[in-house]
Amino acid sequence: HISFNDREVDVKAIAGSEDFFQVFSLNFLAGDEKINFDDPLSIVISESLARNIFGSDWRIKFQDEPLVINGWKQLDVAGVFADIPKESTERFDCFVPLETPTQENIGSFDYLCFAEVVGDSHVEVEGKVNKLIASDMRFEIKLHNFRDAYLYSNFVDGNAAGARITYVKLFVLASILVLSLACLNFANLYLSTSVLRVKELGLRRVIGENRVGQIR
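Residues numbered from 1 in each chain as written. Predicted model: local features only at pLDDT ≥ 70, side-chain atom pairs only at ≥ 80, totals over all residues. Heavy atoms only, no water.

> Give me the confidence of the model for the chain: which residues, what numbers.
On average, residues of the chain carry a pLDDT of 78, and 83% of them reach 70 or more. Mean pLDDT per element in the chain: helix H6 (residues 211-215) is the minimum at 55, and helix H2 (residues 47-54) is the maximum at 87. (pLDDT = per-residue confidence, 0-100. Helix = DSSP H or I, 4+ residues; strand = E, 2+ residues; numbered from the N terminus.)

Here it is in structure tokens:
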């Protein structure tokens, strides 16, 4: 959580490297998106968080005093970005710089890695990366398209194993079942009324009614 004076707010915070804003574009309303990644005590926050902490005049106050995160670490607000839309897959309230990775970070599974693939397909890039790390790693990485992350968020042995897509398939199957039952019900009603219609047409023919009258 983040606290400022007597206010405490529970937030979703993420940490990232300096390449984060090159992959994900945020609309900055105040401050600078070029946050100082050499300073681990800086932070950028969302507009709603800024209003919640500093009030309606947050544009004036947000750089005056630091915020306290988790009750002990003071952070200077470097900028304020527009709220991320609710339909976005990745949503967060604040962003802090990630410490510069070192050789000791190799093999760590504590971080999500996003890459913007230009030109080559993600399968080709996956092969190139695996060749690059083959001498240091005993495993292979697999890249997944970010636009599929919302529906395919569960993984087994590195392969997408469903998640929300399961519910989508269930709803589609349920819709097909309901539609099939409706069609059968309609056919049953149509056939039952056809029997009465045949008797009526037979009687009209007996009394000499022409075809136009029978259709009516």
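> Can you tell me about the nonpolar core, naming the residues and giving the values?
In this structure, Ile 2, Ile 43, Ile 45, Ile 53, Phe 54 and Leu 67 are the most contacted members of the largest nonpolar core, which totals 19 residues. Breaking this core down by element, the ones donating at least two residues are strand S1 (2-4), strand S5 (42-46), H2, strand S6 (67-69), strand S7 (73-81) and strand S8 (94-97). The leading source of residues in this core is H2, at four residues. Excluding residues within four positions of it along the chain, Ile 45 makes contact with Ala 50, Phe 54, Leu 67, Val 77, Gly 79, Val 80, Phe 81, Asp 93 and Cys 94. Counting ten residues, the second-largest nonpolar core is a separate cluster that includes Phe 21, Phe 24, Leu 26 and Ile 84. (Core = buried A, V, L, I, M, F, W, Y, C linked by side-chain atoms within 4.5 Å. Buried < 20%, exposed > 50% of the residue type's maximum accessible area, 1.4 Å probe, protein only. Contact = heavy atoms within 4.5 Å.)

> Provide a residue-level description of the pairing of S5, including the pertinent values.
Within S5, five of the five residues are buried, which leaves the element mostly enclosed by the surrounding structure. Two elements, S5 and S7, share five bridges in a ladder whose sense is parallel. Paired with Ile 43 across the two strands is Val 77, which belongs to S7. As paired strands, S5 and S8 are joined by two bridges and run antiparallel to one another. In the sheet register, Val 44 faces S8, and the bridge partner there is Phe 95. (Pairing = 2+ DSSP bridges.)

> Explain the environment of Glu 8 to me, and be specific about the residues and the numbers.
One can find Glu 8 in strand S2 (residues 7-9). For the pair formed by Glu 8 and Val 68, sequence separation is 60 residues and the distance between their alpha carbons is 9.2 Å. Those residues in contact with Glu 8 that lie beyond four places of it in its chain are His 1, Ile 2 and Ser 3.

> Break down the packing of aromatic side chains for me, citing the residues and quoting the values.
Given two aromatic rings, their pairing is described by the distance between the two centres and the angle made by the two planes. Per the stated rule, a full pass over the model turns up six aromatic pairs. When the centroid spacing of 5.9 Å and the interplanar angle of 70° are considered together, the rings of Phe 20 and Phe 92 count as edge-to-face. A residue pair is termed long-range when its members are at least 10 positions apart, and Phe 20 in helix H1 (residues 20-23) and Phe 92 in the loop between S7 and S8 qualify at 72 residues. On the basis of relative accessibility, which here comes to 8%, the residue Phe 92 falls in the buried class. Ring centres of Phe 24 and Phe 114 lie 5.1 Å apart, and the angle between their planes is 85°; on these two criteria the pair is classed as edge-to-face. Placement of Phe 24 in the loop between H1 and strand S4 (28-31) and of Phe 114 in the loop between S8 and helix H4 (122-133) is noted, with a sequence separation of 90 residues between them. (Phe/Tyr/Trp six-rings, centres within 6.5 Å; stacked < 30°, edge-to-face > 60°.)

> So, the environment of Ile 84: which residues are in play, and what are the values?
Checked against the element boundaries, Ile 84 lands in the loop between S7 and S8. With a relative accessible area of 13%, Ile 84 lands in the buried category. For Ile 84 and Glu 47, which are 37 residues apart along the polypeptide, the C-alpha to C-alpha distance reads 9.3 Å. Contacts of Ile 84, omitting those with residues within four sequence positions, involve Leu 26, Glu 90, Arg 91 and Phe 92.

> Break down H2 for me, with residues and values.
Of all the positions in H2, only Glu 47, Leu 49, Ala 50, Ile 53 and Phe 54 are classed as buried. In an axial view of H2, the angular spread of the buried residues amounts to 160°, which keeps them on one side of the axis. Remark: Gly 55 follows H2 within two positions and exhibits a positive phi of approximately 90°. (Arc of directions from axis to C-beta.)

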